[in-house]
Amino acid sequence: MSRKTIFYIIFFSLLVVAFYAVLINVIPGFTKSKLPPISYVQPFFFTNQDGKIVTQKDVAGKVYMANYFFTTCKSICPRMNNEVKKIYQHFKTEKDFLILSHTSDPGTDSAAKLKQYADSIGVTTSNWIFLTGRKDSLYRQARLSYRIDDPNNNVKNIDDDFLHTQFLALVNKKGEVVKIYDGLRQTEINELIKDAEKLLKE
């Protein structure tokens, strides 16, 4: 191989590297691969622990985590919400981060019952919001918006249906569900916190 050929190979290699470096500096997030969102949050209409209506408009532009539980649960719910409380403690002064905890048992969990539950675990409800509403609407949101339960789990009679899941959904400022986490695993809780911090900076 001649010196001239070697010179051209080195020259064009350096040119490519220089061009790539310029793109990195000029285009934010150029080197970051972005996966498509898992789903998009559909419009919703629920009641919070204070008896006030909460819709998708109230969380627009916020990063939030969504989960499902019920106040009389004695198995996974207390363990899961102990982990969720770590997320709450980490972000409790962050005005652009929310936690939405939906009941799986709206027949039992009235707004007053959810308020009592929030008080019992010692959290303020300005950024950890507890929601109740129509059972079919709550379940549809879990399965079709947040994707924390299989959409095929729907049964013909809503009264016979029951949702019991430990999974948490992380939603970005655009209302896109970006990732699902196991709410019983400390490593995934830590991962959710890191991911939420990144989303807050976007």
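That block above? That's the structure.
Bear in mind that the values here come from a model prediction, so they are computed numbers and not experimental data.

Visitor: So what exactly am I meant to see when it comes to helix α3 (residues 111–120) here?
Guide: Three- or four-residue spacings in an α-helix give side chains the same orientation, since the helix completes a turn every 3.6 residues. Listed as buried for α3 are Ala111, Leu114, Tyr117 and Ala118. Relative to the axis of α3, the buried residues are bounded by an arc of 120° and lie together on one face. Among the exposed residues of α3, those oriented more than 90 degrees off its buried face are Ala112, Gln116 and Ser120. Against β2 (45–48), β4 (63–69), α2 (76–91), β5 (97–103) and β6 (128–132) lie the buried residues of α3.

Visitor: Help me out: how do you make sense of the nonpolar core in this one?
Guide: Note on soluble globular proteins: their nonpolar side chains tend to be buried together. In this structure, Met65, Ile87, Phe97, Ile99, Phe130, Leu168 and Leu170 are the most contacted members of the largest nonpolar core, which totals 29 residues. Counting residues per element, the ones that place at least two in this core are β4, α2, β5, α3, β6, β7 (167–171) and α5 (186–201). When residues in this core are grouped by element, the largest group, seven residues, is from α2. For methionine 65, the contacting residues outside a window of four places in its chain are Val84, Ile87, Phe97, Leu98, Ile99, Leu100, Leu168, Ala169 and Leu192. One finds Tyr64, Tyr68, Leu98 and Ile129 within the second-largest nonpolar core, a separate group that totals 21 residues.

Visitor: Please clarify how the packing of aromatic side chains should be interpreted in this entry.
Guide: Aromatic ring pairs are described here by two measures, namely the spacing of the ring centres and the angle between the planes. Tallying each qualifying case throughout the model produces nine aromatic pairs. Measuring from ring centre to ring centre gives 5.1 Å for phenylalanine 70 and phenylalanine 162, while their planes differ by 85°; the resulting arrangement is edge-to-face. Of this pair, phenylalanine 70 sits in the loop between β4 and α2 while phenylalanine 162 sits in the loop between α4 (135–145) and β7, and the two are 92 residues apart along the sequence. What makes phenylalanine 162 partly exposed here is its relative accessible area of 40%. Three or more aromatic residues link up through ring pairs in this structure, and these residues are Phe69, Tyr88, Tyr117, Trp128 and Phe130.

Visitor: I tried to follow the sheet that holds β4 on my own but got confused; where do I start?
Guide: Two orientations exist for strands paired in a sheet by backbone hydrogen bonds: parallel and antiparallel. In spatial order, the strands read β1-β8-β7-β4-β5-β6-β2-β3; together these eight strands make up an open sheet with mixed pairing. Two strands close off the open sheet at either side, each with one partner strand: β1 (39–40) and β3 (53–55). Both β4 and β7 contribute to a ladder of three bridges, which runs antiparallel. The residue of β7 that forms the bridge with alanine 66 is alanine 169.

Visitor: Teacher, can you tell me more about the pairing of β5 here?
Guide: Most of β5 is tucked away: seven of the seven residues are buried. Alternating positions in β5 separate into two faces, Phe97, Ile99, Ser101 and Thr103 on one and Leu98, Leu100 and His102 on the other, with burial throughout. In this sheet, β5 lies alongside β4 in parallel orientation, the contact comprising seven bridges. What sits directly across from asparagine 67, in β5, is serine 101. Note that the unit made of β4, α2 and β5 has a crossover that is right-handed. Sheet topology places β5 next to β6; four bridges connect them, and they run parallel. By the bridge assignment, histidine 102 is partnered in β6 with leucine 131.

Visitor: How do you make sense of the side chain of serine 145 when you look at a structure like this?
Guide: As for its position among the elements, serine 145 is in helix α4. Taking relative accessible area as the criterion, serine 145 reaches 0% and is therefore assigned buried. When residues no more than four places from it in sequence are discounted, the contact partners of serine 145 are Ser39, Tyr40, Val41, Gln42, Arg140 and Val177.

Visitor: What's the story with unusual backbone geometry in this structure? I'm lost.
Guide: Keep in mind that most residues, glycine aside, have a negative phi and that most peptide bonds are trans. Of note in this structure, arginine 147 is not a glycine but carries a positive phi near 60°. By the secondary structure assignment, arginine 147 is in the loop between α4 and β7. On the accessibility criterion, arginine 147 (39% relative accessible area) is partly exposed.

About the thresholds
Residues numbered from 1 in each chain as written. Predicted model: local features only at pLDDT ≥ 70, side-chain atom pairs only at ≥ 80, totals over all residues. Heavy atoms only, no water. Buried < 20%, exposed > 50% of the residue type's maximum accessible area, 1.4 Å probe, protein only. Helix = DSSP H or I, 4+ residues; strand = E, 2+ residues; numbered from the N terminus. Arc of directions from axis to C-beta. Contact = heavy atoms within 4.5 Å. Core = buried A, V, L, I, M, F, W, Y, C linked by side-chain atoms within 4.5 Å. Phe/Tyr/Trp six-rings, centres within 6.5 Å; stacked < 30°, edge-to-face > 60°. Pairing = 2+ DSSP bridges. Right-handed = clockwise from strand over helix to strand, strands pointing away.

Take it as geometry only, folks, not as evidence of what the structure does.
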